[in-house]
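Listed here are the chains, written in short residue letters.
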Amino acid sequence: LDYVSNTAGPALYNGLLELQKEFPKHIWNVRGKGLMCAFDISCPTLRAKFLKSCAEQKMLILPCGTHSVRFRPALNVPLEDIKKGLEIARKAAKEAFA
């Protein structure tokens, strides 16, 4: 993934936009400000698979409503952790949407 910024908030948002570009049939409506970011997944079953895969890789993210996934890292999260989290999300998306 390509990270345009060297700060955590924009890196997270831009990384999620990259995921949306890579999985346009399943991920859409990337939104957020700062480190409070989210996106929607095409159906609740796929979202559950995505969340399970993330958890199995030791990353906890939050479901919201029926289709959304929320990212809420600590405010002092290092940029390297954002990059690692986005790689985990990419791997989870590949597994969930295969």
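To be clear, the structure that these remarks concern was listed above.
Residues numbered from 1 in each chain as written. Predicted model: local features only at pLDDT ≥ 70, side-chain atom pairs only at ≥ 80, totals over all residues. Heavy atoms only, no water.

Draft legend 1. Fine view of the overall build of the chain. Within the chain, the secondary structure is distributed over three helices and four strands. Along its sequence from the N terminus, the chain presents helices and strands in the succession α-β-β-α-β-β-α. Relative to the compact-globule value of 13 Å for 98 residues, the chain shows a C-alpha radius of gyration of 12 Å, a close match. In the chain, buried positions account for 42% of the 98 residues. Of the contacts made within the chain by residues no fewer than 6 positions apart, 54% connect residues no fewer than 24 positions apart. (Helix = DSSP H or I, 4+ residues; strand = E, 2+ residues; numbered from the N terminus. Rg over C-alpha atoms; globule rule 2.2 N^0.38 Å. Buried < 20%, exposed > 50% of the residue type's maximum accessible area, 1.4 Å probe, protein only. Contact = heavy atoms within 4.5 Å.)

Draft legend 2. Highlighting helix α2 (residues 44-56). Taking 1.5 Å as the rise per residue, α2 with 13 residues should run 18 Å; its terminal C-alpha atoms sit 18 Å apart, in good agreement. Taken together, the buried positions of α2 are occupied by Leu-46, Arg-47, Phe-50, Leu-51, Ser-53 and Cys-54. Down the axis, α2 shows its buried residues gathered within 160 degrees of arc, on one side only. Exposed residues lying more than 90 degrees from the buried face of α2 are Thr-45, Lys-52 and Glu-56. Of the surrounding elements, those touching the buried residues of α2 are β2 (36-41), β3 (62-64), β4 (68-71) and α3 (79-96). (Expected span 1.5 Å × (residues − 1). Arc of directions from axis to C-beta.)

Draft legend 3. Region of interest: the nonpolar core. The biggest cluster of nonpolar side chains holds 29 residues, and the ones touching the most others in it are Leu-16, Phe-39 and Phe-50. Of all the elements in the fold, those that place two or more residues in this core are α1 (8-22), β1 (27-33), β2, α2, β4 and α3. Looking at which element gives the most residues to this core, the answer is α3, with seven residues. Among all residues touching Phe-50, those that are not within four sequence positions of it are Phe-39, Ile-41, Ile-61, Val-69, Ala-89, Ala-92, Ala-93 and Ala-96. (Core = buried A, V, L, I, M, F, W, Y, C linked by side-chain atoms within 4.5 Å.)

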